[in-house]
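The lines below spell out each chain.
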Amino acid sequence: MTVTFLGTAAANAFPEAFCRCRNCAQARTLGGPSLRKRSAALINNDLLIDLGPDIMAASHMHGCSLNDVRYCLQTHPHADHLDLSHLLSRSPAYGVVGAPVLGFYASRETLERAAETFERDLAGYSLLSSEAEKYLNFEIHQIQPLESFTMGAYSVMAFPANHAPGMGAMLYAIEAAGCAVFYGTDTATLFEQTWQAFRQHRMRFDVVILDHTYGPEQAGSDHLSAHQVIEHANRMRSEGVLVPSGRIFATHIAHEGNSAHTELATFAKHHGYEVAYDGLVLTI
Ligand SMILES: [Zn+2]
Ligand SMILES: [Zn+2]
Ligand SMILES: [Zn+2]
């Protein structure tokens, strides 16, 4: 299994284009892995996590075509994770040739919000209609938290995120070919029911990807901070949720409180985790 990070920033990207703070200035000077687009990830070449606003730029910059993508796991409807115009631009009506049918997987709440936005702002029909399936070359799949489902070769379980109450935000465990990945953004501290489900289903991850919106000097609130990531990493290791050789990566990194990549990566290494960057490809 491969995991490609298409974006690793929080909602405002990093550097924030309008900002002169120390972290943004440092990231602009250093470039490379310090330049972060809004969060999304690609598993192998056919599973996209989040139809985010920067996936086109990511595809161009990191040389990863999205033309084999058959599945999209949507975490939630916040604008830094969901740009519905991609559904139009990848459709045959926009001249797209040869794209497979896209299975779009999301919670009921996310689908309802997406449908409202799509019909109001982008097209004259509902995303949940048969017209949408026909015109957009896609299929909607409503998923439930804590129920497993399969998408082709992938076995997936969704967990309720501690984020955006009422929006049905989800975190995902994805397993294929004997490899397991946990994708955990956006969220604050994981709910106890998520830890229980890890135990109940004997989940052991090769790679865990966690929200790291807030930096080492900050307290977490609606998202995780660096110190909360460290606490989660320690608990995952002590409870055997991470395989002994498993790796933990930070993503969804905001300019407020997080330094540019090299300095943040040094902090993370010292505390037992790693910092993802845009274009990073993990082979598991
Ligand atoms: Zn976000
Ligand atoms: Zn800034
Ligand atoms: Zn969010």
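Before reading on, note that the structure itself is shown above.
Residues numbered from 1 in each chain as written. Chains lettered and ligands numbered in written order. Predicted model: local features only at pLDDT ≥ 70, side-chain atom pairs only at ≥ 80, totals over all residues. Heavy atoms only, no water.

**Student:** Let's hear about the coordination of the zinc ion (ligand 2): which residues, and what values?
**Tutor:** Taken together, the protein ligands of the zinc ion (ligand 2) are C19 (SG), C21 (SG), C24 (SG) and H255 (ND1), with distances of 2.0 to 2.3 Å. Here the zinc ion (ligand 2) is ringed by 4 donor atoms whose angles at the metal span 97 to 117°, and the overall shape comes out tetrahedral. Mapped onto the sequence, the donors of the zinc ion (ligand 2) take the spacing C-x1-C-x2-C-x230-H. Judged by its relative accessible area of 17%, C19 falls in the buried class. A relative accessible area of 27% means that C21 is categorised as partly exposed. (Donors = N, O, S within 2.8 Å, 3.2 Å for Na, K, Ca; no water. Tetrahedral: all angles 85-135°; square planar, octahedral: opposite > 155°, others 65-115°. Buried < 20%, exposed > 50% of the residue type's maximum accessible area, 1.4 Å probe, protein only.)

**Student:** Which residues make up the nonpolar core, and what values do they have?
**Tutor:** Grouped together as the largest cluster of nonpolar side chains are 35 residues, with contacts concentrated most on F159, F182, F198, F205, V208, M236 and Y273. Of all elements in the fold, only β8 (154-160), β9 (170-176), β10 (179-184), α6 (192-200), β11 (205-212), α7 (226-238), β12 (242-253) and α8 (261-270) reach the threshold of two or more residues within this core. Considering each element in turn, this core owes the most residues, 5 residues, to α7. Every residue in contact with V208, bar those within four places of it in the chain, is listed here: F182, M236, L242, R247, I248 and F249. In this structure, I143, I174, Y183 and A276 belong to the second largest nonpolar core, which totals 29 residues. (Core = buried A, V, L, I, M, F, W, Y, C linked by side-chain atoms within 4.5 Å. Helix = DSSP H or I, 4+ residues; strand = E, 2+ residues; numbered from the N terminus. Contact = heavy atoms within 4.5 Å.)

**Student:** For the layout of surface pockets, give the residues involved together with the corresponding values.
**Tutor:** Space inside the largest pocket adds up to approximately 300 Å³. Contributing to the lining of the largest pocket are 18 residues, with M56, L66, N67, V69 and R90 lying nearest its centre. Those elements that place two or more of their residues in the lining of the largest pocket are α2 (55-61) and α3 (85-89). Top contributing element to the lining of the largest pocket by residue count: α2, with 4 residues. Residue lining of the second largest pocket: 13 residues in total, with A173, E175, A180, M203 and F205 positioned closest to the centre. Elements with a contribution of two residues or more to the lining of the second largest pocket: β8 and β9. (1 Å grid on protein atoms, 1.4 Å probe; cavity = no way out; pocket = protein on both sides within 12 Å on 5 of 7 lines; lining within 4 Å. Points joined across faces, edges and corners; volume = space filled by probe spheres on them.)

**Student:** Describe the sheet that holds β10, naming the residues involved and giving the relevant values.
**Tutor:** Reading across the sheet, the 7 strands line up as β7-β8-β9-β10-β11-β12-β13 and stay open at both edges, with mixed pairing between neighbours. Since the sheet does not close on itself, it has two edges, and those belong to β7 (148-151) and β13 (274-275), each with one partner. Of the strand pairs in this sheet, β7 and β8 are connected by 4 bridges, and their pairing is antiparallel. Counterpart to T150 in the pairing with β8 is S155. Contacts from α7 reach β10, β11 and β12 within the one sheet, and its direction differs from that of β11 by about 160°. (Pairing = 2+ DSSP bridges. Axes fitted to C-alpha atoms, helices over the stretch in contact; angles between N-to-C directions.)

**Student:** Provide a residue-level description of the coordination of the zinc ion (ligand 1), including the pertinent values.
**Tutor:** Distances from the zinc ion (ligand 1) to its protein donors, D80 (OD), H81 (NE2), D186 (OD) and H252 (NE2), fall at 2.1 Å. Geometry at the zinc ion (ligand 1) is irregular, judged from its 4 donor atoms and the angles of 91 to 161° they form at the metal. The metal-metal distance between the zinc ion (ligand 1) and the zinc ion (ligand 3) comes to 3.6 Å, with D186 coordinating both. In this pair, D186 sits in the loop between β10 and α6 while H252 sits in strand β12, placing the two residues 66 residues apart along the sequence. Take D186 and H252: they sit in the same class, and that class is buried.

**Student:** Please give an account of the pairing of strand β5 (residues 102-106) that cites residues and values.
**Tutor:** Summarising burial for β5: 5 of the 5 residues are buried, a large majority. The alternating pattern of β5 places L102, F104 and A106 on one face and G103 and Y105 on the opposite face, and all of these are buried. Of the strand pairs in this sheet, strand β4 (residues 71-73) and β5 are connected by 3 bridges, and their pairing is parallel. Of the residues in β5, the one forming a bridge with L73 is Y105. In this structure, β5 lies alongside strand β6 (residues 138-142), joined through 5 bridges in parallel fashion. Residue pairing across strands places F104 opposite I140, the latter belonging to β6.

**Student:** Go over α6, please, and point to the residues and values.
**Tutor:** Buried within α6 we find T194, W195, A197 and F198. Mapping the buried residues of α6 onto a view down its axis gives an arc of 160°, with all of them on the same face. Contacts from the buried residues of α6 go to β8, β10, β11 and α7. Phi for R202, located one or two positions after α6, is positive at around 50°. (Arc of directions from axis to C-beta.)

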